Amino acid sequence: MKRATLWPDHLLPEDRIPPPWPGRAVDLDGTVTYVRETPATAADAEPALYVHGLGGSSQNWTDLAGLLADRLEGQAIDLPGFGRSEPGRRYTIPSFAERVVRWIEHSGRGPVHLFGNSLGGAICVQVAGLRPDLVRTLTLISPALPFLDFRRSLQGRMLPLLAIPRGERLAAWRLAQLAPEVMAQQVMEACVADLSRISEQRRAEALEEIRVRYEAEHYAAAYVRTFRGLVSSFLRAYLPGSGSLWRLAAAVRAPTLVVGGRQDRLVDVRVAPQTARVIPDSRLLMLDGVGHVAQLEVPRLVARAVVGLLAEAEGTGTEEAVRRRDLAG
C-alpha cells in the first residue's frame, strides 16, 4: 500500500454541474438493466464502468464521470432492483457481481476501469478477484467490505429488521410514512459530511430519485434483501472457505485506488485502510471532513486521485504523463 498520487488540479476540466447523463434501458438476459453513458471527450479514452451503492443509482457518478471524460468513456449501471432497473431474483454480492460481469461481456467493452462505491465497492472487489481479465484498474470509494462492529454504522439500526419475517413489508410501510423531501434530506445527511458542498441542482435530482423509489413497488424488498445479503457476506468473510470478500480482495491484481472519508457514517472508517493493506497493488486516499460518497461530495479531489492512478497504470510519473498529454494535445 502507498499514498495516492494527486493529479495537478489545473489539468482537470473546468468545474461545471452537468445534468444526469442520458440513459437507456437494455434487455440483459431477460430483464431490464438501465445504463447511463458519459461520452468521452478524447479519441483515446478508455472504457470505464461505475457501480453504485446500496440505495443509490447510476446518477451518483454524474460529476466524477464528467471530470474523467477526457480519459474515460463512462457507463454507469443501475443494479437490479435499484434506480430504473428491473428487480432481480437474488440480492447477494455474488449475484450482483455476476450481473456486472454479464454487463461487461454484453457491452463488449472489457477490460474496463472499474469503479465501486459502498456496496458497489464490495461487488467490484468480487469481480476483480474472480475475473481479472475484465478489469484494467479498480477504484473503490468507501467500499463496504466486511466489518463486525455495526455500532460504527447508521445502518446497524436496521439489523433487527432482518430478523423479522417479511421485514420488507415493514420497510415499505416505513417508507410510506415519510414525505419524499424528508427521506431525501435524511439520505443526504447520512451520506454527506458537509451538505454545503451539494448544489441545489444535485439536491433536486436526489429528490426526484426518491420519488422514483416511491413509485417502484419492489424497492423496499430489494433494499432489505440486499442489506441482508451484505450482512451475510460480512459474516462469511470470517469463516473458512473461498467466499470471503477479504480473500477475494487479496486476489485482486489490478492497480487499485481506495478512497475513504473520515466522517463516513455508514461504513466503519477503518475499512478503507484495511482494504488498501489487503489489495497488493493499492494506493490509499483518506479525506478529512468527507462522508460516505466522496465522488458526490468532493468529485474533483477524487478525480485527481483517479487520474494519478491512471498515470501510474500507464507506467508514467506525473511529469511524464503531463508532457505526453501536452504533446497529444
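Attention here is on the structure that accompanies the text.

Rules used in this analysis
Residues numbered from 1 in each chain as written. Predicted model: local features only at pLDDT ≥ 70, side-chain atom pairs only at ≥ 80, totals over all residues. Heavy atoms only, no water. Salt bridge = Lys/Arg side-chain N within 4 Å of Asp/Glu carboxyl O. Helix = DSSP H or I, 4+ residues; strand = E, 2+ residues; numbered from the N terminus. Core = buried A, V, L, I, M, F, W, Y, C linked by side-chain atoms within 4.5 Å. Buried < 20%, exposed > 50% of the residue type's maximum accessible area, 1.4 Å probe, protein only. Contact = heavy atoms within 4.5 Å. Pairing = 2+ DSSP bridges. Right-handed = clockwise from strand over helix to strand, strands pointing away.

## Focus on the pattern of salt bridges
In the structure shown here, the tally under the stated rule is 22 salt bridges. Across the pair Arg90 and Glu98 runs a salt bridge, and its minimum N-O distance is 3.7 Å. Where Arg203 meets Glu200, a salt bridge forms, and the shortest distance between an N and an O atom there is 3.8 Å. With Arg203 and Glu200 both in helix H7 (residues 200-215) and three residues apart, this pair spans about one turn of that helix. One network of salt bridges, in which partners are shared, links Asp29, Arg102, Glu105, Arg131 and Asp133.

## What to know about the nonpolar core
One finds Leu79, Val100, Leu114 and Ile123 to be the most contacted residues of the largest nonpolar core, which totals 62 residues. Leave out the neighbours within four places in its chain, and Leu79 touches Val51, His52, Ser85, Phe96, Val100, Leu119 and Ile123. Counting residues in each nonpolar core, the second largest holds 30 residues, with Trp7, Leu68, Ile141 and Val302 among its members.

## Concerning unusual backbone geometry
Omega for the bond connecting Gly110 with Pro111 falls within 30 degrees of zero, at -5 degrees, which places this linkage in the cis form. Along the chain, Pro111 falls in the loop between helix H2 (93-107) and strand E6 (112-117). Not every positive phi belongs to a glycine, and Ser118 is a case in point at roughly 60 degrees. Taking relative accessible area as the criterion, Ser118 reaches 9% and is therefore assigned buried.

## Thoughts on the pairing of strand E4 (residues 46-51)
Of all six residues in E4, five are buried, a share of seventy percent or more. Across six bridges, E4 lies against strand E5 (residues 72-77) in parallel orientation. The residue bridging Leu49 from the neighbouring strand is Gln75, located in E5. At this point the chain moves from E4, through helix H1 (residues 62-67), to the parallel E5, and the crossover so formed is right-handed. Here E4 pairs with E6 via four bridges, running parallel. Bridge pairing in E6 links Tyr50 to Phe115.

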